[in-house]
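Examination of the molecular architecture
What follows is each chain in one-letter form.
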Amino acid sequence: MLGRGVLLATIVATLAFTASAQALEFTSPQQLPKWAGGEPSLTFDPSGNGDTYVTAPQGIPSAAGAAIGAAATKGVGFWGSHDGGVSFPEVLNTGSGSGGGDSDVEVGADGTVFVADLEAVAADICTSHDHGHSFPDCDTPFAKNQQGPENDREWLTRGTHGEIYLTYHDFAAGFPLIYKSTDGAQTFTPCGTIIDPGGPAAQTYTPQGGTLVSKPVVGRDGTIYVEFTTPDQAASPVGSALNHLYMAASPPGGCDGTTVFKNTLIYQNADADLGKIFQAEGIDGADHLYVTAAGKTGANQADTNLWLFRSADRGAHWSAPIQVNPPNLKANVLPWVAGGRGGDELLVGWFGSEASGDPNDARNAWRYYAATSFDGGESFDYATVTPDPIHYQDICTQGIFCGLIPGQPGNRNLADFSSVAVNPATGCGAIALPGDPENHSPGHEDDDNFGSHAYVALQKAGPSLSPNGADCSGRPATNGATPLSSSNHVCGDRVAPRSSISRRHLRATRRRIRLSGRTIDRVCNTGTSKSAFHGKVAKVTVSVSKKSGRRCRFLTKKGRLSRARSCRKAIRIPVKARYLGHRTDKTAWSFRRRVHLPRGKYTFAARGTDAFGHRETRKRHYNTTTKRIR
């Protein structure tokens, strides 16, 4: 329990934040020059010195592209910034002439920049010790440092003690593999087994179905978290739906050659299809985990939505899917997620279209969107990063089969993902996204150069993803990284209470009503009792209504129904409420009244208001119920 002085200080800080907070906003995306920009990867130097790096693959083998006039002779386009992504003076082509399949970028604790270039037979690892100005071991057209045999969709991840992890799945069987380097990525050795032979993922994995592996994240204690997805065990090897999501976790400290990762089921549904591409995972300052996936979580869903799964206990248990995109966006693809510096903070970015629920529909016009949350995904603030469409027509979600089905759209100009990250110096978000607005635009529907550009957008308004929640001004900061923190003084006062009605105790007749329930106002939920700030429910009201045509009649304080009025203009009656204490963080309430009511079907609704005036407005299945009075 917080002391009175600490609680008062927290309330004052929260009020100050509420008064100063601005709407989430990003700079106009800056197009990065010269190289192709599909599926750009984005990262910051962890020291907070402002160094920011973006990479994008150039097509495999890149040397063949150069032979027909493409700009790149090696596999990776690289852009480096030293002011937090405002400008990019480093514009290089690195990697291997036999690479260009996929790329990724990571920065070590000592500032070394690592770039991975996919060659299929392996990944070429390029290193820079001068902040991305040069990559000497990748000066020649062909690879000098090949790592990870038989490689597909490689990722690089920084460990907590200088180690670098290389994660991918192999071509032959789609099996997820992880390697570890302790010598600056010069050599890598196997680092355990991601799929536990005795765990749940082993029951669905098959070589013909394979896996989709997300870029791993590492917790503060060195635990490696690898999210991966499989289809049904009996699924077709071509075009099967990815409907089993798992998290693999190493022991604290990381992995070695004998490690068996613990596998935990995140979500599964036989009718789900969550590979609308890719899944992504993030981790915040409290080691809360987040996974985003685009697609459908069950049968009879017309739209392709963006879903969030979260865990507050280091991956042991996971929430039900939470829809991130607003309902006007019918198709949502290429998501990415990054955790903030404090607990319960996250940034999500993705492409969305209002035209069709099918991403493969050529009627779509795509914009890029971002959302931040300071309560672990309970609520979101949204920003449209590209007010004008940045891509037209379809985004093919069939992977390597795109364009191979006669008569079907197969646009893969953007490749498979976008990237978001949080600047460690400011806590402000950054986005690297692909775009090709010149292709298939109005008046140029048949024009297509089959490529895209990389763009970078920076958060310039709205609260930062850091424990102090300072507003993002758009100005770079290079005075060191904001420390990770399990506390979060921002998330609190932005969330309205949540009420529930006890259906078991609901009693309603023509002469008497008895209603009871609970209301909770969880201001901050970082998973640690020392940092939790429990809110205060100031008031709970109930409304009782009966439909009269298209209007409603509401119960008044006198126990009778009002005249018919708009159903939106509810008459809410205050009820008796009692705070149950910090252990439960709940307020119990009850309502009893003698009434004079006609027979019919009635709707009962409860709404809470917290101490800062935030009123519960959403209609949910647990704060609204119906009953017929006979």
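All of these numbers come straight from a predicted model, not from anything done at the bench.

**Quick notes on the overall build of the protein chain**
- Scanning the protein chain from terminus to terminus reveals 2 helices and 43 strands.
- A globule of 630 residues ought to have a C-alpha radius of gyration of about 25 Å, and the protein chain, at 26 Å, matches this closely.
- Dimensions of the protein chain, computed from C-alpha atoms along their principal axes, come out at roughly 90 × 60 × 50 Å.
- In the protein chain, buried positions account for 55% of the 630 residues.
- Taking contacts inside the protein chain between residues at least 6 apart in sequence as the whole, the part at least 24 apart equals 59%.

**Focus: the environment of Gln147**
- With respect to the helices, strands and loops of the structure, Gln147 is situated in strand S10 (residues 146–147).
- Relative accessible area serves as the criterion here: at 11%, Gln147 is assigned to the buried category.
- Sequence-wise, Gln147 and Val121 are 26 residues apart; in three dimensions their C-alpha atoms are separated by 9.1 Å.
- Setting aside residues up to four positions removed in sequence, Gln147 forms contacts with Ala122, Ala123, Ile125, Leu166, Gln186, Thr187 and Phe188.
- A polar atom in the side chain of Gln147 sits 3.0 Å from the backbone oxygen of Gln186.

**Topic: the side chain of Glu106**
- Structurally, Glu106 can be placed in strand S7 (residues 103–107).
- Among the polar contacts listed, one links the side chain of Glu106 to the side chain of Arg158, at a separation of 3.1 Å.
- Not counting residues up to four positions away in its chain, the partners in contact with Glu106 are Thr43, Thr112, Val113, Phe114, Leu156, Thr157, Arg158 and Lys215.

**Examining a positive patch on the surface**
- Among the surface-exposed residues, Arg504, Arg507, Arg512, Arg514, Lys576, Arg592, Arg594, Lys601, Lys627, Arg628 and Arg630 lie close enough to one another that they form a single positively charged patch.
- Its place among the elements puts Arg512 in strand S34 (residues 512–520).
- Given the relative accessible area of 43%, Arg512 is considered partly exposed.

**With respect to the environment of Gln268**
- When you line up the elements, Gln268 lands in strand S19 (residues 262–268).
- Sequence separation of Gln268 and Asp232 is 36 residues, and the distance between their C-alpha atoms is 9.5 Å.
- Dropping the residues within four chain positions of it, Gln268 is found in contact with Asn243 and His244.
- Of note is the side chain of Gln268, whose polar atom sits 2.9 Å from the side chain of His244.

**A closer look at the pattern of salt bridges**
- All told, the structure shown has 12 salt bridges when counted by the stated rule.
- Residues Arg153 and Asp102 are paired through a salt bridge, measuring 3.3 Å at the closest nitrogen-oxygen approach. Highlighted residues: Arg153 in strand S11 (residues 152–158) and Asp102 in the loop between strand S6 (90–94) and S7, separated in sequence by 51 residues. Residues Arg153 and Asp102 agree in their burial class; the two are buried.

**Thoughts on the sheet that holds strand S9 (residues 123–128)**
- If you trace the 4 strands from one edge of the open sheet to the other, you get S7-S8-S9-S10, paired in antiparallel fashion. Two strands bound the open sheet, and with one partner strand each, they are S7 and S10.

**Points about the state of the cysteines**
- Per the counting criterion, the structure on display carries 4 disulfides.
- Each sulfur in the disulfide pair Cys191 and Cys255 lies 1.9 Å from the other. Here Cys191 and Cys255 share a disulfide; its torsion about the S-S bond, 115°, makes the bridge right-handed. Remark: Cys255 occurs in the loop between strand S18 (242–249) and S19 and Cys191 occurs in the loop between strand S14 (189–190) and strand S15 (212–213); sequence separation between them is 64 residues. The same class applies to Cys191 as to Cys255, namely buried.
- Cys552 shares a disulfide with Cys567; S-S distance 2.0 Å.

**Let's talk about unusual backbone geometry**
- Note that the residue after Ile60, namely Pro61, is joined by a cis bond; omega there is -10°.
- Residues Ile277 and Phe278 are joined by a peptide bond in cis, for which omega reads -20°.
- Summarising the element assignment, Phe278 is placed in the loop between S19 and strand S20 (280–283).
- Backbone geometry places Ala185, a non-glycine residue, at a positive phi of 70°.
- By secondary structure assignment, the location of Ala185 is in the loop between strand S13 (176–181) and S14.
- A positive phi is found at His440, a non-glycine position, where the angle reads about 60°.
- Note that His440 resides in the loop between strand S30 (429–435) and strand S31 (453–461).
- The exposure class assigned to His440 is buried, which follows from its relative accessible area of 11%.

**Details of the nonpolar core**
- Membership of the largest hydrophobic core comes to 45 residues, with the highest contact counts inside it found for Phe26, Trp350, Phe351 and Ile431.
- Among the secondary structure elements, those contributing two or more residues to this core are strand S22 (305–311), strand S24 (331–339), strand S25 (346–353), strand S26 (365–373), strand S29 (419–422), S30 and S31.
- Among the nonpolar cores identified, the runner-up in size contains 21 residues, and Ala508, Val537, Tyr602 and Ile629 belong to it.

Rules of the game
Residues numbered from 1 in each chain as written. Predicted model: local features only at pLDDT ≥ 70, side-chain atom pairs only at ≥ 80, totals over all residues. Heavy atoms only, no water. Helix = DSSP H or I, 4+ residues; strand = E, 2+ residues; numbered from the N terminus. Rg over C-alpha atoms; globule rule 2.2 N^0.38 Å. Buried < 20%, exposed > 50% of the residue type's maximum accessible area, 1.4 Å probe, protein only. Contact = heavy atoms within 4.5 Å. Polar contact = N/O pair within 3.5 Å; in protein donor to acceptor, adjacent residues only side chain to side chain. Patch = residues over 30% accessible without salt bridge, like charges linked within 9 Å, V, L, I, M, F, W, Y side chains within 5 Å. Areas by Shrake-Rupley, 256 points an atom, 1.4 Å probe, with all protein chains shown as cover. Salt bridge = Lys/Arg side-chain N within 4 Å of Asp/Glu carboxyl O. Lys, Arg positive; Asp, Glu negative; His and termini not counted. Charge placed at Lys NZ, Arg CZ, Asp CG, Glu CD. Pairing = 2+ DSSP bridges. Disulfide = S-S within 2.5 Å. Core = buried A, V, L, I, M, F, W, Y, C linked by side-chain atoms within 4.5 Å.

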